Every structure is written in C-alpha cells, then in structure tokens.
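Residue-level structural notes
Each chain is listed here by its residues.
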Amino acid sequence: MSEIGAMLGRLLAQAQGAGADATTLRAIVEEASELGAERALARLGLSDTGAAKDVGELRQLLGAWRDAKSTARNAVVAWGVRVLMAALLMGLAAKLGLARLLKG
C-alpha cells in the first residue's frame, strides 16, 4: 500500500475511533476522490464531453507515428544492407579481375 493509502487508513481509523460512522467516512472519501479527479481532469483540459474522443484520436495518432517510424527505420536498414552488399560484390569483382573478362 502506498504512503498516502496508509495515511488515509490511519485517518479513517482515528475518525472512527472518535465516533464517526465508517460508512459516512467512506462516502466522504469517495466524494473527495471524485472531486479531486474532476479537478485534475479540468486542469488538463480533459473535462469536456469530447475529451474521451480526443484522447482516443491522440492514441491512434501516436500509434501511427510509431508504425511510420518503425517502417522508415526498417527501410533505411534494408537500403544500407543493399549498398553494402553491392560494394562487396564490386570489390570482389575488382579483386578477381572480372572487369577484364567483360571487355573481351
């Protein structure tokens, strides 16, 4: 349990020991938590009705960006391997003197 959760547990036990009803205390904690979550979402600009749609679209955009980045990286690696293989074959042909055979 986190430190905040442990502190909340101690506060609830203390209030219950002072005569507060456990059900009332839990209801207060639940309402306070919901209010805090609403405030946090409002500060982030995510409290309107279109926020869920916006977040969904942002997640799709991020996924597309990651796919594009991966595809670009794979293409660069593939071209690099092709260039290295071509250079290796050209070097091998020069070393074996295959250019003279082509000339006649």
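Up top is the structure.
An account of the accompanying structure is given in this report. (Residues numbered from 1 in each chain as written. Predicted model: local features only at pLDDT ≥ 70, side-chain atom pairs only at ≥ 80, totals over all residues. Heavy atoms only, no water.)

With that out of the way, let us pick up the overall build of the protein. Within the protein, the secondary structure is distributed over four helices and zero strands. Listed by position from the N terminus, the elements making up the protein come as α-α-α-α. Structurally, the protein occupies a C-alpha span of about 105 × 35 × 20 Å along its principal axes. Counting the 104 residues in the protein, one finds 4% classified as buried. For the protein, the accessible surface area stands at approximately 9200 Å², while carbon and sulfur atoms represent 65% of it. (Helix = DSSP H or I, 4+ residues; strand = E, 2+ residues; numbered from the N terminus. Buried < 20%, exposed > 50% of the residue type's maximum accessible area, 1.4 Å probe, protein only. Areas by Shrake-Rupley, 256 points an atom, 1.4 Å probe, with all protein chains shown as cover.)

Right, let's get into a nonpolar patch on the surface. Taken together, Leu 89, Leu 92, Leu 96, Leu 98 and Leu 101 make up a surface patch of nonpolar side chains, about 530 Å² in accessible area. The set of elements that each furnish at least two residues to the nonpolar patch consists of helix H3 (51–96) and helix H4 (98–103). It is H3 that provides the largest number of residues to the nonpolar patch, a total of three residues. Tracing the backbone shows Leu 89 in helix H3. (Patch = residues over 30% accessible without salt bridge, like charges linked within 9 Å, V, L, I, M, F, W, Y side chains within 5 Å. Salt bridge = Lys/Arg side-chain N within 4 Å of Asp/Glu carboxyl O.)

Let's shift gears to the environment of Arg 66. In this structure, Arg 66 sits in helix H3. Given the relative accessible area of 52%, Arg 66 is considered exposed. Taking the C-alpha atoms as reference, Arg 66 lies 51 Å from Gln 16; in sequence the two are 50 residues apart.

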